[in-house]
Amino acid sequence: MMSNVVALKHTESESLPAEKSQAEAAAEPAQTEAAAPAATGYRRAQAPEWGLTLLRRGIPMLVGIVLSIGLWALVAKQAGNLPGPAKTWESAKVVFAHPFYRNGPNDQGIGWNVLNSLSRVGIGFGMAALIGIPLGFALGRFRVLGDMAAPVIGILRPVSPLAWLPIGLLVFKAANPAAIWVIFISSIWPMVLNTATGVQRIPQDYLNVAHVLNLSEWKVFTKILFPSVLPHVLTGVRLSIGVAWLVIVAAEMLTGGVGIGFWVWDEWNNLNVEHIIIAIFVVGIIGLALEQMLLLLASRFRSE
């Protein structure tokens, strides 16, 4: 009798873990399903933080714009002859209603003027990049060349861009290539100097390893120099495009033709101050867009 009781208890104790395991197995899906809404709720709770961040950054920017417009309106009211925001806005609607009209060689819409200015900037800036970036690599890589070019760059770099315009008119005998020449000579220096500085900051150990491995100059450039110097190159390019876009307005004011700078000067001769203010905003917005595009390009290169 006692042996049967002991055997029964032993059998019940062996069956308990199996029953518990079945209960736990049945409870696991329920726990998983209960955890899923909790995780979803956590993500939903975190989602508004993006909106809050945008709101924190957007409100100060909006306040700054409103205060600037208010200050502009106040100054215009006190000056009397300066157009205010409302009057400028009405003129802008007329200007941008037909931005690509043509009534003659010197009477074209603001769209054609902007495109002509961008084409000059693209040509001058492209030539500066094709020459300035390789030159910067050479000056940074070979000390003798750097020492030879240092006094020349030190003298020419601080020269005002407009001081180069008479040289361009004398050499090219035409306004359009002279304006491109001014953009080229003004925008080349940031690329040369930033690229050379990047090459000089490469650790000497990298170059020593390349020398031990007997790498060719092309291998040194593609495997060591270019990847290390790329951030400095992009910084020089970003600075150069700002200089190029800044210079084109002043150059076109003096050379004439079709361009945003000539448009500003022509509107001044017609005493149309509203159009001058519109041109200022157009120049600023395009310059900001060019810089942001290069910043995006630089961030993509760094991420890769």
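Because the structure is predicted, anything quoted here is derived from the model rather than measured.

Caption draft 1: Here's a closer look at the overall build of the protein chain. Scanning the protein chain for helices and strands turns up 11 helices and zero strands. Listing every helix and strand of the protein chain by position from the N terminus yields α-α-α-α-α-α-α-α-α-α-α. Taking all 304 residues of the protein chain together, 32% fall into the buried category. Across the protein chain, the fraction of contacts at a sequence separation of at least 24, relative to all contacts at a separation of at least 6, is 69%. Working note: accessible area of the protein chain is about 19600 Å², and carbon and sulfur atoms make up 69% of it.

Caption draft 2: Region of the structure containing the packing of aromatic side chains. This model, assessed by the stated rule, comprises four aromatic pairs. Ring geometry for Trp72 and Phe281: centres 5.8 Å apart, planes at 40°, overall tilted. Remark: Phe281 occurs in helix α11 (residues 273-303) and Trp72 occurs in helix α2 (residues 48-79); sequence separation between them is 209 residues. The buried category is assigned to Trp72, whose relative accessible area is 18%. Assessed through its relative accessible area of 48%, Phe281 is described here as partly exposed. Ring geometry for Phe100 against Trp112: centres 5.2 Å apart, planes inclined by 85°, an arrangement best described as edge-to-face.

Caption draft 3: View of the side chain of Ser91. Turning to its location among the elements, Ser91 is positioned in helix α3 (residues 85-97). Since its relative accessible area comes to 16%, Ser91 is described here as buried. Contact partners of Ser91, with chain neighbours within four places excluded, come to Glu274, His275 and Ile278.

Caption draft 4: Spotlight on the nonpolar core. Formed by 53 residues in total, the largest nonpolar core has its most connected members in Ile110, Trp245 and Ile260. Contributing elements (two or more residues each) for this core: α3, α4 (110-141), α5 (143-156), α7 (175-200), α8 (204-212), α9 (217-255), α10 (260-269) and α11. In this structure, Ile260 is in contact with Ile110, Asn113, Val114, Ser117, Trp245, Val249, Glu252, Ala279 and Val283, ignoring residues within four places of it in sequence.

Caption draft 5: The arrangement of the environment of Gly126 in detail. Examined against the element boundaries, Gly126 turns out to sit in helix α4. Along the primary structure Gly126 and Ile183 are separated by 57 residues, whereas in three dimensions their C-alpha atoms are 9.9 Å apart.

Caption draft 6: Main features of the side chain of His275. Take His275: it is sitting in helix α11. Aside from chain neighbours lying at most four places away, what touches His275 is Ser91, Val95, Trp263 and Glu267.

Caption draft 7: Spotlight on the layout of surface pockets. A volume near 360 Å³ is recorded for the largest pocket. Mapped by element, the contributors of at least two residues to the lining of the largest pocket are α2, α3 and α11. For the lining of the largest pocket, the element with the highest residue contribution is α3, accounting for five residues.

Caption draft 8: Up close: the pattern of salt bridges. Within this structure, the stated rule accounts for four salt bridges. Salt-bridge contacts for Arg120 lead to Glu252; the nearest nitrogen and oxygen are separated by 2.6 Å. Residue Arg120 is located in helix α4, and its partner Glu252 is located in helix α9; the two are separated by 132 residues in the primary sequence. The pair Arg120 / Glu252 is uniform in exposure class, with both members buried. Between Glu291 and Arg238 there is a salt bridge; the shortest N-O distance is 3.2 Å. Here Arg238 lies in helix α9 and Glu291 lies in helix α11, a separation of 53 residues in the sequence.

Caption draft 9: Up close: the packing of helix α6 (residues 165-172) against α7. Packing of α6 against α7 brings their axes to within 8 Å, and their N-to-C directions diverge by 135°. If you check the angle between α6 and α7, you find them oblique. Judged by the twist between their axes, the crossing of α6 over α7 is right-handed. Here Leu165, Ile167, Gly168, Leu169 and Phe172 of α6 lie close against α7, whose contacting residues are Ala175, Pro177, Ala178, Trp181 and Val182. Residue composition of the contact of α6 with α7, grouped by class: nine nonpolar, one polar and no charged.

Caption draft 10: Layout of the packing of α4 against α5. Between α4 and α5, the shortest axis-to-axis distance is 6 Å and the interhelical angle comes to 120°. Between α4 and α5, the crossing angle belongs to the class labelled oblique. Of the residues in α5, those in contact with Ala138, Leu139 and Arg141 of α4 are Arg143, Leu145, Gly146, Ala149 and Ile153. In terms of residue class, the contact of α4 with α5 is made up of five nonpolar, one polar and two charged.

Rules and cut-offs
Residues numbered from 1 in each chain as written. Predicted model: local features only at pLDDT ≥ 70, side-chain atom pairs only at ≥ 80, totals over all residues. Heavy atoms only, no water. Helix = DSSP H or I, 4+ residues; strand = E, 2+ residues; numbered from the N terminus. Buried < 20%, exposed > 50% of the residue type's maximum accessible area, 1.4 Å probe, protein only. Contact = heavy atoms within 4.5 Å. Areas by Shrake-Rupley, 256 points an atom, 1.4 Å probe, with all protein chains shown as cover. Phe/Tyr/Trp six-rings, centres within 6.5 Å; stacked < 30°, edge-to-face > 60°. Core = buried A, V, L, I, M, F, W, Y, C linked by side-chain atoms within 4.5 Å. 1 Å grid on protein atoms, 1.4 Å probe; cavity = no way out; pocket = protein on both sides within 12 Å on 5 of 7 lines; lining within 4 Å. Points joined across faces, edges and corners; volume = space filled by probe spheres on them. Salt bridge = Lys/Arg side-chain N within 4 Å of Asp/Glu carboxyl O. Axes fitted to C-alpha atoms, helices over the stretch in contact; angles between N-to-C directions. Parallel < 35°, antiparallel > 145°, perpendicular 65-115°, else oblique. Left-handed = near helix turned anticlockwise from the far one by under 90°. Nonpolar A, V, L, I, M, F, W, Y, C, P; charged D, E, K, R; others polar.

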